[in-house]
2 protein chains.
Amino acid sequence: MLADDLAKAIIDGEFAPGARLDEQQLAQRYAVSRTPVREALRQLATTGLIEIRPRRGAIVAQVTPAQLEELFVAMGELEATCARLAALSMAPTERRRLQDLHERMGALAAANDVSAFADANHALHTMIYAGAHNIVLADMAAAMRRRLSPFRRAQFRLEGRLPRSHDEHGQVVRAILRADAPAAHAAMLQHVMRVEQSFEDLCAINQPAMAEEK
Amino acid sequence: MLADDLAKAIIDGEFAPGARLDEQQLAQRYAVSRTPVREALRQLATTGLIEIRPRRGAIVAQVTPAQLEELFVAMGELEATCARLAALSMAPTERRRLQDLHERMGALAAANDVSAFADANHALHTMIYAGAHNIVLADMAAAMRRRLSPFRRAQFRLEGRLPRSHDEHGQVVRAILRADAPAAHAAMLQHVMRVEQSFEDLCAINQPAMAEEK
DNA sequence: GAATCGTTAATTGCATGCAAACTTCACTAT
DNA sequence: ATAGTGAAGTTTGCATGCAATTAACGATTC
């Protein structure tokens, strides 16, 4: 589906936040006419990934720091809810797989393999969404993650972020494994807040570099 | 916007779940061509209100009892999260307005004014979403409410539902007013579960009538 | 008599074309 | 020199038309 391809391109950072999404260019790029491009853009706009300004075209959603804060809070609450439900209702098999993955990620963190850790991180969180046994909630959490991904891509590159992230995961995973719902909720909430903090640190570092571009 | 009009028509029950949404008919009805209709349908599909089956047209989303259960659980968790955050961060003015509205709804419940109570109910929940001071979460909760509304329309007609609903609201409102976040969370979760229970009771009553149609 | 296959009709998906609106650039006036 | 106004070009928004797929109906065969 065209909307998925476009979403992937945006998530992968081929279009930066604020970049104009010209219908004709996209039509050429994907070798279709403007009609399906327009339909795809409307879909992405409803997910919040892009923004359509009437008569003025579409841009990749750019977000003020205040909105970003809200997005992270909402994401944290969603993920924390999934973690709480997962603690209550994960099947034994799911719990074992979660533990396995978490342990494997320890090695990746130690080796500082950012790319593999990022993939595994995605899998871990997705596993927790699935463990909530509620497709609606899982879809919402996944959509939220997608919506934030343009802003979160470089976060793991921060020095020493991998082991700390792994530690935070450990808190969440252990709480889920012992079916401690409140602890799972709290640990996940804290984890997401830490991710946000890392992102803000990263912004603070890059801000001067971004400023000198213009 | 066309998508909003269409969504309203679906929410108001002009198109029942499972009804086919013919592009040409909709185009005639709204006096536009098929192109904007298609764009609107794609948008509604991403919200989950309708379902587009490739090459086979769009229908109002029909939902199995299991999916409906998931929708109500997800909605309950979302609303409970909003209630918890509202308890923590509502401004004094907002708290007073919430209390005012709740007290006015007591009279509506006593008078058994179903229509006015339903409107006020919507306002009350929206007020709590807003009280969370997080637009992203509020939008998600509102979208969820929209998505469930085709199935929840007749729920207030159940005998004696209004006073009980008002009582449940009282639990939530009092918890929010005294900034008791865990209690607000729990009370809202319970309220939504009770709404779901009412809906299921209603289904159990209507089921035979639906069965004899075919 | 029922089931399967072929044909026809209808509907979706996409391309193209045209009109309206916005942006940009140039020119004029203060 | 700067700001405001005008016009041209670009881009969105929508309508229409055509092709492809699917559903429905009828005919034929077992």
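Model, not experiment: these values are computed from the prediction. Within any chain, residue numbers begin from 1 and follow the written order of that chain's sequence. All chains are assigned letters beginning with A, and all ligands numbers beginning with 1, in the order in which they are written. Given that the model is predicted, a residue must reach a pLDDT of at least 70 before its local features are reported, and side-chain atom pairs must reach 80 or more before they are shown or counted; all residues, however, enter totals for whole chains, interfaces and linings. The basis for the side-chain values is all heavy atoms of the structure; hydrogens and waters are excluded.

Draft legend 1. Molecular detail of the domain arrangement of chain A. Residues and elements named next belong to chain A. As used throughout, domain bounds are those supplied by an automatic or database domain assignment. Split by domain assignment, chain A resolves into domain 1 (2–60) and domain 2 (65–213). A straight line from the C-alpha centre of domain 1 to that of domain 2 covers 27 Å. Should any heavy atoms of two residues lie within 4.5 Å, those residues are considered in contact. Tallying the contact residues gives 9 residues for domain 1 and 6 residues for domain 2. Across the domain 1/domain 2 interface, buried area totals approximately 670 Å², and carbon plus sulfur atoms make up 61% of it. Salt bridge, as used here: a side-chain nitrogen of Lys or Arg that lies within 4 Å of a carboxyl oxygen of Asp or Glu. Between domain 1 and domain 2 we count 0 salt bridges in total. Polar contacts, as used here, are pairs of N or O atoms within 3.5 Å; protein pairs need one atom able to donate a hydrogen and one able to accept it. Residues neighboring in sequence count only if both atoms are side-chain atoms. The tally of links from domain 1 across to domain 2 stands at 0 residue pairs in polar contact (both at pLDDT 80 or more). If one sorts the elements of the side of domain 1 that touches domain 2 by residue count, helix α1 (residues 2–11) sits on top with 3 residues. Gly falls in the polar group here, along with every residue not listed as nonpolar (Ala, Val, Leu, Ile, Met, Phe, Trp, Tyr, Cys, Pro) or charged (Asp, Glu, Lys, Arg). Grouping the amino acids of the side of domain 1 that touches domain 2 by side-chain chemistry returns 5 nonpolar, 3 polar and 1 charged. Accessible surface is computed with a 1.4 Å probe, and the buried area is the amount of it that two parts give up when combined, taken over both parts together. By definition, any uninterrupted DSSP run of H or I lasting at least four residues is a helix, any uninterrupted run of E lasting at least two residues is a strand, and each is numbered from the N terminus.

Draft legend 2. Representation of the relation of the copies chain A and chain B in the model. The copies were overlaid by least squares, fitting only the C-alpha atoms of residues that reach a pLDDT of 70 or more in each copy. If you rotate chain A by 180° and push it 0.0 Å along the axis, it lands on chain B with an RMSD of 0.1 Å. Each copy turns onto its partner about a two-fold axis. Same-surface contact between copies: 100% of interface residues of chain A are shared with the interface of chain B.

Draft legend 3. Quick peek at the protein's contact with DNA strand C. Taken together, 16 residues sit near DNA strand C, with Ser33(A), Thr35(A), Arg56(A), Arg34(B) and Arg55(B) positioned nearest. Nearness is defined per residue: one heavy atom within 4 Å of the molecule or strand is enough. Backbone atoms, meaning sugar and phosphate, form 65% of the atoms of DNA strand C found within 4 Å of the protein. Arg34(B) places a polar side-chain atom, nitrogen or oxygen, 2.9 Å from a base nitrogen of DNA strand C. Broken down by secondary-structure element, the contributors of at least two residues to the surface near DNA strand C are α3 (34–47) of chain A together with α3 (34–47) of chain B.

Draft legend 4. Just the packing of helix α5 (residues 92–110) of chain B against helix α8 (residues 161–177) of chain B, in detail. Residue and element names in this part refer to chain B. For every element, the axis is a line fit to its C-alpha atoms; helices are fit only across the contacting stretch, and the angle between N-to-C directions ranges from 0 to 180 degrees. Contact geometry of α5 with α8 gives a least axis separation of 10 Å together with a crossing angle of 165°. Between α5 and α8, the angle falls in the class roughly antiparallel. Considering the relative orientation of α5 and α8, their crossing is left-handed. Mapping the contact onto sequence places Arg95, Leu98, Gln99, His102, Met105, Gly106, Leu108 and Ala109 in α5 and Leu162, Pro163, His166, His169, Gly170, Val173, Ile176 and Leu177 in α8. The residue inventory of the contact of α5 with α8, partitioned by class, reads 9 nonpolar, 6 polar and 1 charged. An angle below 35 degrees is read as roughly parallel, one above 145 as roughly antiparallel, one from 65 to 115 as roughly perpendicular, and any other as oblique. Here a crossing is taken to be left-handed if its near helix is turned anticlockwise relative to the far helix by less than a right angle, and right-handed if that turn runs clockwise.

Draft legend 5. Examining the sheet that holds strand β1 (residues 20–21) of chain A more closely. Residues and elements named next belong to chain A. Taken in spatial order, the 3 strands line up as β1-β3-β2 in an open sheet, and their pairing is antiparallel. Strand pairing shows two members of the sheet lacking a second neighbour, β1 and β2 (50–53), which therefore form its edges. Any two strands between which DSSP finds at least two bridges are classified as paired. With 4 bridges joining them, β2 and strand β3 (residues 57–60) adopt antiparallel strand pairing. By the bridge assignment for β3, glutamate 51 is matched with isoleucine 59. Strand contacts of α3: β1, β2 and β3, with the helix running at about 115° to β2, the strand carrying the most contacts.

Draft legend 6. Quick look at the protein's contact with DNA strand D. As a matter of local geometry, DNA strand D sits amid 16 residues, with Arg34(A), Arg55(A), Ser33(B), Thr35(B) and Arg56(B) nearest to it. For DNA strand D, the backbone portion of the atoms within 4 Å of the protein, that is sugar and phosphate, comes to 64%. Contacts to DNA strand D include Arg34(A), whose side-chain N or O atom sits 2.9 Å from a base nitrogen. Backbone polar atom of Ser33(B) to a phosphate oxygen of DNA strand D: 2.4 Å apart, as the coordinates give it. Taken together, the elements giving at least two residues each to the surface near DNA strand D come down to α3 of chain A together with α3 of chain B.

Draft legend 7. The environment of Arg34(A), seen in detail. All names here are of chain A. Here arginine 34 lies in helix α3. Accessibility here uses a 1.4 Å probe with only protein chains present; expressed as a share of the type maximum, an area under 20% marks a residue as buried, one over 50% as exposed, and anything in between as partly exposed. Here arginine 34 falls in the partly exposed class, since its relative accessible area comes to 40%. Residues arginine 34 and aspartate 22, spaced 12 residues apart in sequence, show a C-alpha to C-alpha distance of 9.7 Å. Among residues more than four places away in sequence, those in contact with arginine 34 are Glu23, Gln24 and Ala27.

Draft legend 8. Just the packing of aromatic side chains, in detail. Residue and element names in this part refer to chain A. Ring pairs shown here join Phe, Tyr and Trp side chains whose ring centres sit within 6.5 Å, with only the six-membered ring taken for Trp; geometry is labelled stacked below 30 degrees between planes, edge-to-face above 60, and tilted in between. On inspection of all chains with the given rule, the structure shows 2 aromatic pairs over all chains. On the basis of an interplanar angle of 40° and a centroid distance of 6.1 Å, the ring pair of phenylalanine 72 and phenylalanine 199 is categorised as tilted. In this pair, phenylalanine 72 sits in helix α4 (residues 65–89) while phenylalanine 199 sits in helix α9 (residues 181–213), placing the two residues 127 residues apart along the sequence. Neither phenylalanine 72 nor phenylalanine 199 differs from the other in exposure class; each is buried.

Draft legend 9. Just the state of the cysteines, in detail. Working definition: a disulfide is two cysteine sulfur atoms within 2.5 Å of each other. Counted according to the given criterion, the structure contains 0 disulfides over all chains. No disulfide involves Cys82(B); its sulfur sits 15 Å from the nearest other cysteine sulfur, which is in Cys82(A). Here Cys82(B) falls in the buried class, since its relative accessible area comes to 0%.

Draft legend 10. Geometry of the interface of chain A and chain B. Contacts between chain A and chain B engage 24 residues on the former and 24 residues on the latter. Each partner contributes to the roughly 2100 Å² buried at the junction of chain A and chain B, and carbon and sulfur atoms together form 59% of this total. The tally of links between chain A and chain B comes to 6 salt bridges. The salt bridge involving Glu39(B) is made with Arg42(A); its shortest N-O contact spans 2.9 Å. Inspection of the chain A/chain B interface yields 13 residue pairs in polar contact (both at pLDDT 80 or more). Listing elements by their share of the side of chain A that touches chain B, those giving two or more residues are α3, α4 and α7 (135–152) of chain A.

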